Amino acid sequence: MIGIKSVYKIILFTLIFGVIGYFVHPYFVQFSVSEMKDVTVVTINLDAAGSLRILLAIFFTFIPLFYFSAKKMLNIVVKREQIFIALSILISGIIFWQYKIYSIQERLKELKAAPGGKDINYIFAQEDLNLEFYLFIGFFVGVFISGIALVQFRKRKN
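Residues numbered from 1 in each chain as written. Predicted model: local features only at pLDDT ≥ 70, side-chain atom pairs only at ≥ 80, totals over all residues. Heavy atoms only, no water.

Undergrad: Whenever I open this one, the side chain of Ser-32 confuses me. Can you help?
TA: Mapped onto the fold, Ser-32 is located in helix α1 (residues 4–35). Look at Ser-32 and you get buried, because its relative accessible area is 0%. (Helix = DSSP H or I, 4+ residues; strand = E, 2+ residues; numbered from the N terminus. Buried < 20%, exposed > 50% of the residue type's maximum accessible area, 1.4 Å probe, protein only.)

Set out below in structure tokens:
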């Protein structure tokens, strides 16, 4: 059973992470675009840009929810395991996000390598990059990776 203190803690962290996600979105997009060296990214629909900002905020709210659910389901009380779960979620999210950036760069290389491709200026719409979605999928996968790793670690330990 979850105590009232834990419920308040979950709600507080969920709100904090949502606000962080909302305010971090412009920097997230700016950093992502700066990593894509030769890729031209434009915002076609300003409403979609605002929606992506809210979407990232929502995805950030899942971080504490994933963490607390994994902590509860795996019955984790050891600080080292708690840190492992949190880092697994974050690192997995970053890996999936960076993979998407890499795949966009590779796609541009393929387009430019096609016959007549060097003469065309390719432009990618920010709305179609799905960077926020890949970050979320990474968070989700990170929960499972950390859970499986901790179960296997506990089996070996016993």
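Once the structure has been displayed, the description carries forward.
Undergrad: Can you help me understand the pattern of salt bridges in this one?
TA: Between side chains of opposite charge, a pair can form as their charged atoms come close. Here the structure, examined in full by the defined rule, presents 3 salt bridges. One salt bridge in this structure joins Arg-107 and Glu-110, with 3.3 Å as the shortest N-O distance. Of this pair, Arg-107 and Glu-110 both sit in helix α3 (residues 79–113), 3 residues apart, roughly one helical turn. (Salt bridge = Lys/Arg side-chain N within 4 Å of Asp/Glu carboxyl O.)

Undergrad: Could you clarify how one ought to interpret the nonpolar core in this entry?
TA: Among soluble globular proteins, nonpolar side chains are generally buried collectively. Ranked by size, the top nonpolar core spans 31 residues in total, and within it Met-36, Ile-89 and Leu-131 carry the most contacts. Those elements giving two or more residues to this core turn out to be α1, α2 (46–73), α3 and α4 (131–157). Among the elements that line this core, the one with the most residues is α2, at 8 residues. Setting aside chain neighbours within four positions, we find Met-36 in contact with Val-41, Ile-101, Ile-104, Gln-105, Leu-129 and Leu-131. (Core = buried A, V, L, I, M, F, W, Y, C linked by side-chain atoms within 4.5 Å. Contact = heavy atoms within 4.5 Å.)

Undergrad: Help me understand unusual backbone geometry, please; the structure alone is not making it clear to me.
TA: Of all residues except glycine, most have a negative phi; of all peptide bonds, most are trans. Its identity is not glycine, yet Asn-75 carries a phi of approximately 55 degrees, on the positive side. Position of Asn-75 relative to the elements: it lies in the loop between α2 and α3. Assessed through its relative accessible area of 59%, Asn-75 is described here as exposed. Of note, the phi angle at Asn-130 is positive, near 60 degrees, even though the residue is not glycine. Among the secondary structure elements, Asn-130 is positioned in the loop between β2 (123–125) and α4.

Undergrad: Looking at this model, I keep getting lost on a nonpolar patch on the surface. Mind explaining?
TA: Where nonpolar side chains cluster on the molecular surface, the patch consists of Ile-2, Ile-4, Val-7, Tyr-8, Ile-11 and Leu-15 and spans about 600 Å² of accessible area. Looking at where Leu-15 falls in the secondary structure, it is placed in helix α1. Its relative accessible area of 56% is what places Leu-15 among the exposed residues. (Patch = residues over 30% accessible without salt bridge, like charges linked within 9 Å, V, L, I, M, F, W, Y side chains within 5 Å. Areas by Shrake-Rupley, 256 points an atom, 1.4 Å probe, with all protein chains shown as cover.)

Undergrad: Would you explain the packing of α1 against α2 in this entry?
TA: The geometry of a pair of packed helices is captured by two quantities: the angle between their axes and the separation between those axes. Interaxial distance between α1 and α2 falls to 7 Å at its minimum, and their mutual angle equals 145 degrees. Along this stretch, α1 crosses α2, giving a crossing that reads as right-handed. (Axes fitted to C-alpha atoms, helices over the stretch in contact; angles between N-to-C directions. Left-handed = near helix turned anticlockwise from the far one by under 90°.)

Undergrad: Would you take a moment to explain the packing of aromatic side chains for this structure?
TA: One pair of aromatic rings is described through two measures. These are the centre distance and the angle between the planes. According to the stated counting rule, one finds 12 aromatic pairs in the structure shown. Here Phe-62 and Phe-66 contribute two aromatic rings whose centre-to-centre distance is 5.6 Å and whose plane-to-plane angle is 40 degrees, an arrangement assigned as tilted. Here Phe-62 and its partner Phe-66 are both found in helix α2, 4 residues apart, which amounts to about one turn of the helix. On the basis of relative accessibility, which here comes to 10%, the residue Phe-66 falls in the buried class. Members of the aromatic cluster, connected to one another through ring pairs, are Phe-59, Phe-62, Phe-66, Phe-136, Phe-140 and Phe-144. (Phe/Tyr/Trp six-rings, centres within 6.5 Å; stacked < 30°, edge-to-face > 60°.)

Undergrad: Looking at this model, I keep getting lost on the environment of Ala-86. Mind explaining?
TA: With respect to the helices, strands and loops of the structure, Ala-86 is situated in helix α3. Along the chain, Ala-86 and Val-143 lie 57 residues apart, while their C-alpha atoms are 8.5 Å from each other.

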